Amino acid sequence: MLQHFFNPSSVAVVGASQNPHKIGYEILENIIQYNFRGAVYPINPKADEILGQKAYPDLMSVPGKIDLAVIVVPPALVMDVVEQCGEKGVDSVIIITAGFKETGPKGSHLEEALAVRARALGIHVVGPNCLGIIDTTSSLNASFAEGMPLPGHIGFFSQSGAMCIAILDWAFGQNIGFSRFVSLGNKMDISEVEIMLSMERDANTRVILGYSESIDNGPHFMEAARRVCQTKPIIIIKSGTTSAGAKAASSHTGALAGSDNAYTAAFKQSGVIRAKSMQDLFGYAMAFATQPLPEGPSVAIVTNSGGPGILAADACDRSSLHLTPIRKETADRLREFLPPTAAVYNPVDIIGDATEERYEKTLEVILQDDMLHSVLILLAPTAAVDAEAVAYSIVKLAKNADKPIITVFMGERGVRRARRILQDHSIPSYEYPEDAISAMDAMASYRRWREKPPRQYRHFKGDTGKVRQIFSSIIKQHRHDLIESEAREVLRAYQFRLPENRIAKTTKEAVLAASEIGYPVVMKIASPDVLHKSDMGGVRVGIENDAQVEEAFFDMTSSIRLRQPDARILGVMVQEMIPQGKEVILGITRDMQFGPMIMFGLGGIYVEVLKDVSFRIAPLSVESADAMIREIRSFPLLRGVRGEAPADIEAIRDALLRLSQIAIDFPEIIEADINPLLVCPEGQGAVAVDARFTIHE
Ligand code: ACO
């Protein structure tokens, strides 16, 4: 579909100018000077010839077919040019012009009108407000960026033109090549989704890199990314995360969610590698574009100095990589030529007087050990070593290596030339061990993600009719928050285990309910208006007898009347007191871009103070639910510490999957908490003690 953007037979530049200071001149110059092989048509009503090419007053005057039009005229003229494109049968258009959505409501309207018209004419658009497109395979530089990147295997897209320029400049400095380069601008039509899919099909792209500020259609993005990541890694740096949405939320889940968590979850679930900084983005790009993926997590570190080796080992420890001990056969082979003071463990320390020869022999042996999946070579520029000779040895051995080789030549003056040699021969070279380990970790994690068996999804058949009935009655009453009894009905419709309970309107009814349920009981105020019941004195636990029931009933209703006089009080809920267990919280929140998002965390103070929670976008796969549970820092508490019985993890997983089903079945739910879900010891299930739902029409 995007063939004409990347490999057109003919390109027209509408707004091409003879004035070398104008963008219309620069774009035409870029197309011509970097040897685009197709036909080039400058379009300008005032010129006969520009940069040696015959110019045409408008698109209709061009004799041949036009595959791609680059529009560089002021905003007010763009619509007219798009109409001309429609008339001429141009199906692919890059709009460089700024002055649309990014400028405010007026620009937004203009852009919307343009989008509608382009769609009606069957025209695909990159931009507006963009830098253009570069494809090194077809030698097309339809942008006003300075210079043409080297051909290579990185496909790059960016929402920001400035980031495009910065990454291009970095690439020139590092001798890194690109397959394709796309400045998306305002993404009026073509977004990262179409670009990722086109790069998936492009034989010259091995790794896809992106800079993103916002993703408009989350589910569409996830579906495409998940598919592309099966064959090619996608690395994205995402900026512009905000907690503005979180501030307005009323539930725990809503308050903790924030759009950044949605992006993190969506990226994890679709295999996208998230770069946390530009340094990571560049670092990962270098490794993924030039090295094979490691077969496993085991890393060998070779170093001529202890300190950097320890730093690398520490970084390894914080990652998913393993610093596997060197097996005996390999250690014996190393000992044959290494001095007795060398360490043949891992890191392999070939010590400070190591020469280039010692490096080469060591690397040769390490590369032959199948138990070691990738190699990190550290070098401090001692007087004994010729760093450039080591670089050439690495280049030589890497030619036949089937595992990633990553290097860190520490320092600057003494290693500058050696680093250049490595870079020129596609060996990733980092300044610091931590950056190298981070890139190696990303590669190993990506490989693991790719090799995972297909995710399993379970469908839970809830009583949707019942829930729909509850929701419509609430909407009719112009309410948004469900009272506890309604929330319980929703959970019951999805077979959650709930504590026994009764609503009591009077003290007498409360005493009767308690004796039917059996002591001890819990009492909670039943009111649609009291959201944080405990804080308002609306919850009492461990009630042992009739007298305590009477007292609690009185205290609770008076306290609410005093503290929240306008709250409607429907009575008091008398509940079975659940046996000992671990309190966890489960929740639903709805993200603007990605839709329903599920949260999990330990309950009580852990969720509020430590924010120790995990998120995934619904629908959850069984694997995602499992990963959410294991991801929180306090997971060991659920597994049981100091001889404690482990909590029923399977019951948590089941509850998460059921909640995910509810979120999918009912898009009107905007927030929900099951807080707490009381998790009994292994094999004994979990009870949803309290729940809140907020819905919207
Ligand atoms: N068809 C063809 N050519 C036309 C037409 C038409 N209908 N109407 C006018 N032209 C010609 C003009 O005569 C002019 O040529 P000339 O120099 O020979 O006179 C040429 O088109 C350009 O028109 P100008 O009015 O001179 O517009 P100018 O070049 O000053 O600006 C531009 C146009 C560059 C599109 C400007 O409106 C703009 O949007 N600039 C910002 C671009 C930008 O920043 N994009 C985002 C980049 S990403 C980043 O942030 C790095």
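Use the structure listed above.
All residue numbers refer to position in the chain's written sequence, counted from 1. Since the coordinates come from a predicted model, pLDDT governs what is reported: local features require at least 70, and pairs of side-chain atoms require 80 or more to be given and counted, while whole-chain, interface and lining totals use all residues. Side-chain numbers here rest on the full set of heavy atoms in the structure, without hydrogens or water.

Trainee: I'd like a rundown of the overall build of the protein, residues and numbers included.
Mentor: Put simply, DSSP marks the helices as runs of H or I at least four residues long and the strands as runs of E at least two long, and each gets a number from the N terminus on. Helix and strand counts for the protein come out as 24 helices and 30 strands. On the principal axes, the C-alpha backbone points of the protein span a range of 95 × 80 × 40 Å. Nonlocal contacts in the protein, meaning residues at least 24 apart in sequence, comprise 71% of its contacts between residues at least 6 apart. Counting every atom, the protein has about 29700 Å² of accessible surface; 52% of that belongs to carbon and sulfur. Looking at charge distribution, the protein has the averaged site of its 71 positive side-chain charges lying 2 Å from that of its 85 negative ones. We call two residues in contact when some of their heavy atoms are within 4.5 Å. The Shrake-Rupley method, run with a 1.4 Å probe sphere, supplies the accessible areas, and residue values consider only the shown protein chains as cover. Counting rule for charge: Lys and Arg are taken as positive, Asp and Glu as negative, and neither His nor the chain ends is counted. Throughout, a charge is located at the NZ atom of Lys, the CZ atom of Arg, the CG atom of Asp or the CD atom of Glu.

Trainee: So what's going on with the sheet that holds strand 1 (residues 10–14)? Residues and values would help.
Mentor: Strand pairing is defined by DSSP finding a minimum of two bridges between the two strands. Spatially, 5 strands are ordered 2-1-5-6-7 in an open sheet, and the strand pairing comes out parallel. In this open sheet, the two edge strands, each paired with only one partner strand, are strand 2 (39–43) and strand 7 (124–126). On average, each strand axis in the sheet is inclined to that of its neighbour by 20 degrees, with strand direction left out of account. Both strand 1 and strand 2 contribute to a ladder of 5 bridges, which runs parallel. By the bridge assignment, S10 is partnered in strand 2 with A39. Helix axes are fitted to C-alpha atoms over the stretch in contact, other axes to C-alpha atoms as well, and angles between N-to-C directions run from 0 to 180 degrees. Of the strands in this sheet, strand 1, strand 2 and strand 5 (68–71) touch helix 2 (residues 23–33), which is tilted by about 165 degrees from strand 1. Packed onto the sheet, helix 3 (residues 75–88) meets strand 1, strand 5 and strand 6 (92–95) and runs at close to 170 degrees relative to strand 5.

Trainee: Please give an account of the packing of aromatic side chains that cites residues and values.
Mentor: What counts as a ring pair is set by centres within 6.5 Å for rings of Phe, Tyr and Trp (its six-membered ring), and what kind of pair is set by the plane angle: stacked under 30 degrees, edge-to-face over 60, tilted for all other angles. Across all of its chains, the model carries 10 aromatic pairs by this definition. When the centroid spacing of 6.5 Å and the interplanar angle of 65 degrees are considered together, the rings of F156 and F178 count as edge-to-face. Pair noted here: F156 is in strand 10 (residues 150–158) and F178 is in strand 11 (residues 177–183), with a separation of 22 residues, a long-range link. Here F156 and F178 have matching classes, each one buried. Ring plane angle 70 degrees and centroid distance 5.9 Å describe the contact between F288 and Y446, whose orientation is recorded as edge-to-face. Taken together, the residues F288 in helix 10 (residues 278–290) and Y446 in helix 16 (residues 433–451) connect sequence positions 158 residues apart. The pair formed by F288 and Y446 is uniform in burial state, with each residue classed as buried. Put simply, the rings of F221, Y263, F267 and F594 pair up and form one aromatic cluster. Cation placement over rings: the criterion is NZ of Lys or CZ of Arg within 6 Å of the ring centroid and within 35° of the ring normal. The positively charged end of K54 is found above the aromatic ring belonging to Y56, 4.9 Å away from the centroid. Per-residue accessibility, obtained with a 1.4 Å probe over protein chains only, is compared with the maximum for each type, and a residue is labelled buried under 20%, exposed over 50%, and partly exposed between these values.

Trainee: Report on the sheet that holds strand 15 (residues 299–303), specifying residues and quantitative values.
Mentor: The sheet built from 6 strands is open, its strands ordered 16-17-15-18-19-20 with mixed pairing. At either end of the open sheet lies a strand with only one pairing partner, and these are strand 16 (343–344) and strand 20 (429–430). Here strand 15 pairs with strand 17 (residues 348–349) via 2 bridges, running parallel. The partner of V302 across the bridge, within strand 17, is V348. Sheet strands touched by helix 14 (residues 387–398): strand 18 (374–379) and strand 19 (405–409). Its angle to strand 19, the strand with the most contacts, is close to 175 degrees.

Trainee: Which residues make up the site of the ligand, and what are the values?
Mentor: Throughout, the term near means that a residue has one or more heavy atoms lying within 4 Å of the molecule or strand in question. As a structural note, the neighbourhood of the ligand is formed by 23 residues, with S17, K22, N44, K46 and A98 the closest of them. Contacts described as polar in this section are N or O atom pairs within 3.5 Å, which, within protein, must combine one atom able to donate a hydrogen with one able to accept it, while residues neighboring in sequence count only if both atoms come from side chains. Between the ligand and the protein, one listed contact pairs a nitrogen atom with a backbone N or O atom of I96 at 3.0 Å. Protein contacts shield 71% of the accessible area of the ligand, which totals 1000 Å² for the unbound molecule. For the shell around the ligand, the elements supplying multiple residues, two or more each, are helix 3 and helix 5 (161–174).

Trainee: Hey, could you go over unusual backbone geometry for me, with residue numbers and the actual values?
Mentor: Along the chain, G127 connects to P128 via a cis peptide bond; the corresponding omega equals -5 degrees. By secondary structure assignment, the location of P128 is in the loop between strand 7 and strand 8 (132–135). Looking along the chain, the bond that leaves N675 and enters P676 is cis, with omega of 0 degrees. Locating P676 in the fold gives a position in strand 28 (residues 669–679). Even without glycine at this site, N129 takes up a positive phi of about 60 degrees. Turning to its location among the elements, N129 is positioned in the loop between strand 7 and strand 8. With a phi angle near 60 degrees, S426 is a residue other than glycine that sits in the positive phi range. Tracing the chain through its elements places S426 in the loop between helix 15 (416–424) and strand 20. For S426, a relative accessible area of 39% translates into the label partly exposed.

Trainee: Quick one: what's the story with helix 20 (residues 546–563), residue by residue and with numbers?
Mentor: The terminal C-alpha atoms of helix 20, which comprises 18 residues, lie 26 Å apart, in line with the 26 Å expected from a rise of 1.5 Å per residue. Residues of helix 20 that are buried in the fold lie against strand 21 (501–504), helix 19 (507–517), strand 22 (521–526), strand 23 (539–543) and strand 24 (571–576). Expected helix span is taken as 1.5 Å per residue step, with the number of steps being one fewer than the number of residues.

Trainee: Can you lay out empty space enclosed by the protein for me, pointing to particular residues and giving the numbers?
Mentor: The rule is simple: put a 1 Å grid over the protein atoms alone, call a set of points where a 1.4 Å probe fits but cannot get out a cavity, call an open set with protein on both sides within 12 Å along at least five of seven lines a pocket, and count a residue as lining if it has an atom within 4 Å of a point. Grid points are joined across faces, edges and corners, and a volume is the space filled by probe spheres set on the points. As enumerated under the stated definition, the model contains 2 cavities of 30 Å³ or more in all. Empty space within the largest cavity amounts to approximately 100 Å³. As for the largest cavity, its lining consists of 13 residues, of which L482, I483, S527, V530 and K533 are closest to the centre. Where the lining of the largest cavity is concerned, the elements lending two or more residues are strand 22 and strand 30 (691–695). Note on residue categories: nonpolar means Ala, Val, Leu, Ile, Met, Phe, Trp, Tyr, Cys or Pro, charged means Asp, Glu, Lys or Arg, and polar means any other residue, Gly included. Each residue belonging to the lining of the largest cavity can be placed in one class, and the counts come to 8 nonpolar, 1 polar and 4 charged. In this structure, the second largest cavity occupies an estimated 40 Å³ of space. The wall of the second largest cavity is formed by V302, Y359, E360, L363, I377, V390, S393 and I394. Of all elements in the fold, only helix 13 (356–367) and helix 14 reach the threshold of two or more residues within the lining of the second largest cavity. By residue class, the composition of the lining of the second largest cavity is 6 nonpolar, 1 polar and 1 charged.

Trainee: Can you explain the layout of surface pockets? Please cite residues and give values.
Mentor: Where empty space is left can be seen by rolling a probe of water-molecule size over the atoms. Considering only enclosed or pocket space, the largest pocket measures out at about 1200 Å³ in volume. As for the largest pocket, its lining consists of 35 residues, of which K268, V272, I273, S445 and R448 are closest to the centre. Residue assignment for the lining of the largest pocket shows that the elements contributing at least two residues are helix 9 (252–270), strand 14 (273–275), helix 10, helix 16 and helix 22 (622–631). Here the lining of the largest pocket takes 9 residues from helix 16, the largest share from any one element. A class-by-class count of the residues in the lining of the largest pocket yields 13 nonpolar, 9 polar and 13 charged.

What is shown is where atoms sit, not what they do.
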